[in-house]
Amino acid sequence: MEKLLDACVALKLLKVERKNTQVLYGNTDLSNLYLAKSSPKSQYYYMMFFSESLYSKFHYLADAVREGKWQREKFDNSPKNIFEELYSSKENIKKIMLAMNASCSLCGRDVMTAFDLSHFPLICDVGGCGGALAKECISLYPNSTITILDLPEVVKIAKKDFVSAEEHRINFCAVDFFKDPVPEADLYILARILLDWDDESCMELLTKVHKACKPGGGVLISEIVLNEDRSGPIEAHFASMLLLFYFEGKIRTPSELSRLLSATGFKEIQMKKTQSQYNVILARK
Ligand SMILES: C[S@@+](CC[C@H](N)C(=O)[O-])C[C@H]1O[C@@H](n2cnc3c(N)ncnc32)[C@H](O)[C@@H]1O
């Protein structure tokens with residue numbers, strides 16, 4: 001135990017006070033802010049998700065590199081869709097929703113203020129999960145109404161445990177965005193969605209969104225983005241490696257994302273870096 005505690009002191013997660021024979025360990029401010037479960041900025045659930053579902057898959061790195069493809073069939077029963085594996089139980093779905101909300105507590109405001117979205121009254125958050133961005137949206141843009149679009153099992157939990165009935169400007173749409181139509185809106189948010197899917201699936205989804213989008217409307221994409229010359233940033237490369245094990249998708253460069261948007265009819269493509277690791281792209285119909 002002492003070895004672990006001292007390692008955490010070296011990592012600045014704990015502080016230590018030595019008094020005669022007594023050794024007292026306590027949280028640093030950093031831990032209280034980002035690790036204590038009760039903190040509004042706690043990353044506990046995000047770290048647990050990475051630790052339980054993703055980091056263990058680094059074991060398959062050599063195979064993934066040799067075979068040049070994802071390794072899912074080695075650790076699950078090869079469901080057709082990755083979310084069928086990740087969402088194998090209600091408990092797992094809720095853990096992932098908590099994880100996504102946790103990371104939005106750090107980046108959500110940056111993402112939602114990168115562009116002025118006040119002229120988009122009707123917004124649809126595609127893959128809106130636990131509603132963290134939807135909540136940012138209604139607090140920042142008083143004239144907006146936002147629909148969280150997600151798989152039925154996710155929407156059921158979001159309604160019950162994540163969004164209160166008082167948040168009446170948040171609506172829900174329980175659909176599979178590949179199989180079902182998406183509702184009409186002025187703006188579609190796709191936050192951390194495209195990176196999960198290959199180009200063909202992204203084109204399918206963006207085409208559907210473009211078709212449903214009201215005239216003058218647009219799409220807001222928030223993703224980790226690789227530098228054009230793929231020189232970094234390091235978190236983009238790290239995310240690339242994690243995707244390699246599980247998902248069909250990839251981390252893309254600005255021009256790769258622009259190409260997907262242009263090919264599906266979007267124009268006036270603008271990209272902004274935020275303080276967080278996410279870039280935000282706004283494109284118009
Ligand atoms: C990586 S999470 C991103 C969540 C959220 N946008 C965020 O940034 O916190 C991907 C989301 O897409 C949803 N999703 C995946 N496949 C879907 C599908 N076929 N139809 C609707 N939603 C889907 C998942 O349930 C999940 O909420």
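Numbering of residues starts from 1 in each chain and follows the order in which that chain's sequence is written. Totals for whole chains, interfaces and linings use all residues, but because this is a predicted model, local features are given only for residues with pLDDT of at least 70 and pairs of side-chain atoms are given and counted only at 80 or more. By convention in this description, side-chain values take in all heavy atoms of the structure and omit both hydrogens and water.

### Notes on the UniProt feature "domain: O-methyltransferase dimerisation" (unreviewed entry) in the protein
Stated formally: UniProt positions are given in the numbering used here, feature names are shortened, and annotations may be inferred rather than shown by experiment. Put simply, DSSP H or I for four residues or longer makes a helix, DSSP E for two residues or longer makes a strand, and each gets a number counted from the N terminus.
UniProt records the feature "domain: O-methyltransferase dimerisation" (unreviewed entry) at residues 1–36, using the numbering of this structure. Structurally, residues 1–36 is divided into 42% helix and 33% strand, and its ends, taken at the C-alpha atoms, are 19 Å apart.

### Notes on the domain arrangement of the protein
The figure often quoted for interface size is the accessible area lost as the parts come together. Our working rule: Per the annotation, domain bounds derive from an automatic or database assignment of domains.
What the domain assignment reports for the protein is domain 1 (2–32) and domain 2 (109–284). The C-alpha-based centres of domain 1 and domain 2 are spaced at 40 Å.

### Quick look at the packing of aromatic side chains
As a reminder of what qualifies: Centres within 6.5 Å are what make two rings of Phe, Tyr or Trp a pair, Trp counting through its six-membered ring; a difference in plane orientation under 30 degrees is then read as stacked, over 60 as edge-to-face, and the rest as tilted. Each residue is placed in one exposure class: buried if its accessible area under a 1.4 Å probe, protein chains only, is under 20% of its type's maximum, exposed if it is over 50%, and partly exposed if it falls in between. Here, over-ring charges are defined by two tests on the NZ atom of lysine or the CZ atom of arginine: distance to the ring centre within 6 Å, and angle to the ring normal within 35 degrees.
What the rule picks out here adds up to nine aromatic pairs. An angle of 85° between the planes, with centres 4.9 Å apart, marks the rings of Tyr44 and Tyr45 as edge-to-face. Taking relative accessible area as the criterion, Tyr44 reaches 26% and is therefore assigned partly exposed. Residues Tyr55 and Phe238 carry aromatic rings whose centres are separated by 6.3 Å and whose planes lie at 45° to one another, so their mutual orientation is tilted. Separated by 183 residues along the polypeptide, Tyr55 in the loop between α3 (44–54) and α4 (61–67) and Phe238 in helix α11 (residues 234–246) bring together distant segments of the chain. Taking the relative accessible area as the measure of exposure, Tyr55 reaches 39% and is therefore partly exposed. An aromatic cluster of three or more residues is present, and its members are Tyr46, Phe49, Phe50, Tyr55, Phe58 and Phe238. For the cation-ring pair, Lys272 lies above Phe115, with the distance from its terminal atom to the ring centre recorded as 4.6 Å.

### As for the site of the ligand
What counts is decided by this rule: Here a residue counts as near a molecule or strand whenever at least one of its heavy atoms sits within 4 Å of it. Here a polar contact is taken to be a pair of N or O atoms separated by no more than 3.5 Å, where protein atoms must pair a possible hydrogen donor with a possible acceptor and residues adjacent in sequence count only if both atoms sit in side chains. Charged means Asp, Glu, Lys or Arg here, nonpolar means Ala, Val, Leu, Ile, Met, Phe, Trp, Tyr, Cys or Pro, and polar covers whatever is left, Gly included.
In the vicinity of the ligand lie 18 residues, with Tyr87, Gly127, Asp150, Phe177 and Ala191 positioned nearest. One of the backbone N or O atoms of Gly127 is found 2.8 Å from a nitrogen atom in the ligand. Partitioning the shell around the ligand into residue classes produces 13 nonpolar, one polar and four charged.

### What to know about the environment of Arg192
Rules: By definition in these notes, contact holds between two residues if any of their heavy atoms fall within 4.5 Å.
By the secondary structure assignment, Arg192 is in the loop between β6 (185–191) and α10 (199–212). In this structure the C-alpha to C-alpha distance between Arg192 and Ser222, which are 30 residues apart in sequence, comes to 6.0 Å. Contacts of Arg192, omitting those with residues within four sequence positions, involve Tyr46, Met100, Ser103, Cys104, Ser222, Glu223 and Tyr278. Only 3.3 Å separates the side chain of Arg192 from the backbone oxygen of Met100, close enough to count as a polar contact. A distance of 2.5 Å separates a polar atom in the side chain of Arg192 from a polar atom in the side chain of Ser103.

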